[in-house]
Amino acid sequence: CASEHDQGDAAQGGDGVQEDAALAEKKRDEVRFRQAQREIEVLEEQAKAGDRVLAYVDEAGFECIHPNRSAWTDRGQVHEVEATRGKRLNVLGAMLSTGEMVAAKLWETTKAQAFVGFLGLLAEKVQGKPITVILDNASIHKAKEIKPLVELLETKGLKLYFLPAYSPELNRIERLWHKMKHTWLTPKCRDKQTLEADVEEIVDNYGSKYQFSFYAE
């Protein structure tokens, strides 16, 4: 699955994290980037102290054809891989400072209404503490039609923290998507049902069978 990380559209994160970061570094506002780093460090300390819950949120696309960056083939031979075309499985995901992962799977384009509904699920799951959601500037995250619902969620303790443009490496879940696609998902061709089942198996066993540190080491 190719990764698209557009500042204007919903990101299908996970692949090419290092490449995206190298390109982004040339375009971003370095002062704003460093400021965001410091602010996130403060939020992480508050999460460690139990004063709030922190969530890294992003969208990722998974396809039946497993991402393959390189392969070995005998000299003179053509490397062939079975390619089953189909719809992309879009996943709305949140990596929580509590060690949990929340995800919603969609066999359609992720739109603003689905996004705000997902925020509602997070607000219901995390009760009794404020929750800060760290996310990028995708258009579905800032759509005018969901602003009243976002404001309602804010009264319940949910706050959105928008990263500065061209700062994918500040969203920790980008690394998680990459881990899922290139390590945890076995390289093979899948049909629609198998793909959804394999992604669901990872989400359901996140934190036990599949472990990934919330805090950067």
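Here the structure is shown first, and the text comes after it.
Read on for an overview of the structure. (Residues numbered from 1 in each chain as written. Predicted model: local features only at pLDDT ≥ 70, side-chain atom pairs only at ≥ 80, totals over all residues. Heavy atoms only, no water.)

1. As for the overall build of the protein chain
Logical step 1: Summing up its helical and strand segments, the protein chain has six helices and five strands in all.
Logical step 2: For the protein chain, the sequential pattern of α-helices and β-strands runs α-α-β-β-β-α-β-α-β-α-α.
Logical step 3: Across the 217 residues in the protein chain, those meeting the buried criterion constitute 47%.
Logical step 4: Here the protein chain displays about 11800 Å² of accessible surface, and carbon together with sulfur accounts for 47% of that area. (Helix = DSSP H or I, 4+ residues; strand = E, 2+ residues; numbered from the N terminus. Buried < 20%, exposed > 50% of the residue type's maximum accessible area, 1.4 Å probe, protein only. Areas by Shrake-Rupley, 256 points an atom, 1.4 Å probe, with all protein chains shown as cover.)

2. Regarding the packing of aromatic side chains
Logical step 1: Evaluation of the coordinates by the stated rule reveals four aromatic pairs.
Logical step 2: Ring geometry for Tyr 56 against Phe 214: centres 5.2 Å apart, planes inclined by 45°, an arrangement best described as tilted. Note that Tyr 56 is positioned in strand β1 (residues 53–62) and Phe 214 in the segment after α6 (192–204), a separation of 158 residues in sequence. Accessibility classification places Tyr 56 together with Phe 214 in one group, the buried group.
Logical step 3: Ring geometry for Phe 62 versus Trp 177: centroids 6.1 Å apart, planes at 75°, classification edge-to-face. Of this pair, Phe 62 sits in strand β1 while Trp 177 sits in helix α5 (residues 173–184), and the two are 115 residues apart along the sequence.
Logical step 4: Judged by its relative accessible area of 1%, Phe 62 is buried.
Logical step 5: The ring of Phe 33 has Arg 28 sitting right over it, with the charged end atom 3.7 Å from the ring centre.
Logical step 6: The positively charged end of Lys 142 is found above the aromatic ring belonging to Phe 162, 4.6 Å away from the centroid. (Phe/Tyr/Trp six-rings, centres within 6.5 Å; stacked < 30°, edge-to-face > 60°. Lys NZ or Arg CZ within 6 Å of the ring centre and 35° of its normal.)

3. Structural notes on the layout of surface pockets
Logical step 1: Counted as a void, the largest pocket has a volume near 300 Å³.
Logical step 2: Taken together, Gln 37, Ile 40, Glu 41, Glu 44, Tyr 56, Glu 169, Leu 170, Arg 172, Arg 175, Phe 214 and Ala 216 form the lining of the largest pocket.
Logical step 3: Top contributing element to the lining of the largest pocket by residue count: helix α2 (residues 30–48), with four residues.
Logical step 4: For the lining of the largest pocket, the per-class residue count stands at five nonpolar, one polar and five charged. (1 Å grid on protein atoms, 1.4 Å probe; cavity = no way out; pocket = protein on both sides within 12 Å on 5 of 7 lines; lining within 4 Å. Points joined across faces, edges and corners; volume = space filled by probe spheres on them. Nonpolar A, V, L, I, M, F, W, Y, C, P; charged D, E, K, R; others polar.)

4. A word on the side chain of Arg 28
Logical step 1: Tracing the sequence through the fold places Arg 28 in the loop between α1 (17–27) and α2.
Logical step 2: There is a polar contact of 3.3 Å between the side chain of Arg 28 and the side chain of Glu 30.
Logical step 3: Only 2.6 Å separates the side chain of Arg 28 from the side chain of Glu 169, close enough to count as a polar contact. (Polar contact = N/O pair within 3.5 Å; in protein donor to acceptor, adjacent residues only side chain to side chain.)

5. Looking at helix α3 (residues 112–125)
Logical step 1: Its 14 residues give α3 an end-to-end C-alpha distance of 20 Å, which sits within 8% of 20 Å, the value for a rise of 1.5 Å per residue.
Logical step 2: Turning to α3, its buried residues number three or more, namely Ala 112, Phe 115, Val 116, Phe 118, Leu 119, Gly 120, Leu 122 and Ala 123.
Logical step 3: Where α3 is buried, its residues meet β1, β2 (89–96), β3 (101–106), β4 (131–135), α4 (147–154) and β5 (158–162). (Expected span 1.5 Å × (residues − 1). Contact = heavy atoms within 4.5 Å.)

6. Notes on the nonpolar core
Nonpolar side chains in soluble globular proteins tend to end up buried together.
Logical step 1: Counting 33 residues, the largest nonpolar core has Phe 62, Leu 176, Trp 177, Met 180 and Val 199 as its most contacted members.
Logical step 2: The set of elements that each furnish at least two residues to this core consists of α2, β1, β2, α5 and α6. (Core = buried A, V, L, I, M, F, W, Y, C linked by side-chain atoms within 4.5 Å.)

7. Description of the side chain of Ser 167
Logical step 1: Mapped onto the fold, Ser 167 is located in the loop between β5 and α5.
Logical step 2: A distance of 3.1 Å separates a polar atom in the side chain of Ser 167 from the backbone oxygen of Pro 164.
Logical step 3: Setting aside residues up to four positions removed in sequence, Ser 167 forms contacts with Arg 28 and Phe 33.

8. Quick look at the sheet that holds β5
Logical step 1: Strand order across the open sheet formed by five strands is β3-β2-β1-β4-β5, with mixed pairing between neighbours. Among the strands making up the open sheet, the edge pair consists of β3 and β5. Within this sheet the neighbouring strands show an average axis-to-axis angle of 25°, counted without direction.
Logical step 2: Here β2 pairs with β3 via six bridges, running antiparallel. Within the sheet, the bridge partner assigned to Met 95 lies in β3 and is Met 101.
Logical step 3: Its contacts with the sheet place α2 against β1, β4 and β5, and it is angled at close to 150° to β5.
Logical step 4: The strands touched by α3 are β1, β2, β3, β4 and β5; relative to β2, the strand with the most contacts, the crossing angle is about 30°. (Pairing = 2+ DSSP bridges. Axes fitted to C-alpha atoms, helices over the stretch in contact; angles between N-to-C directions.)

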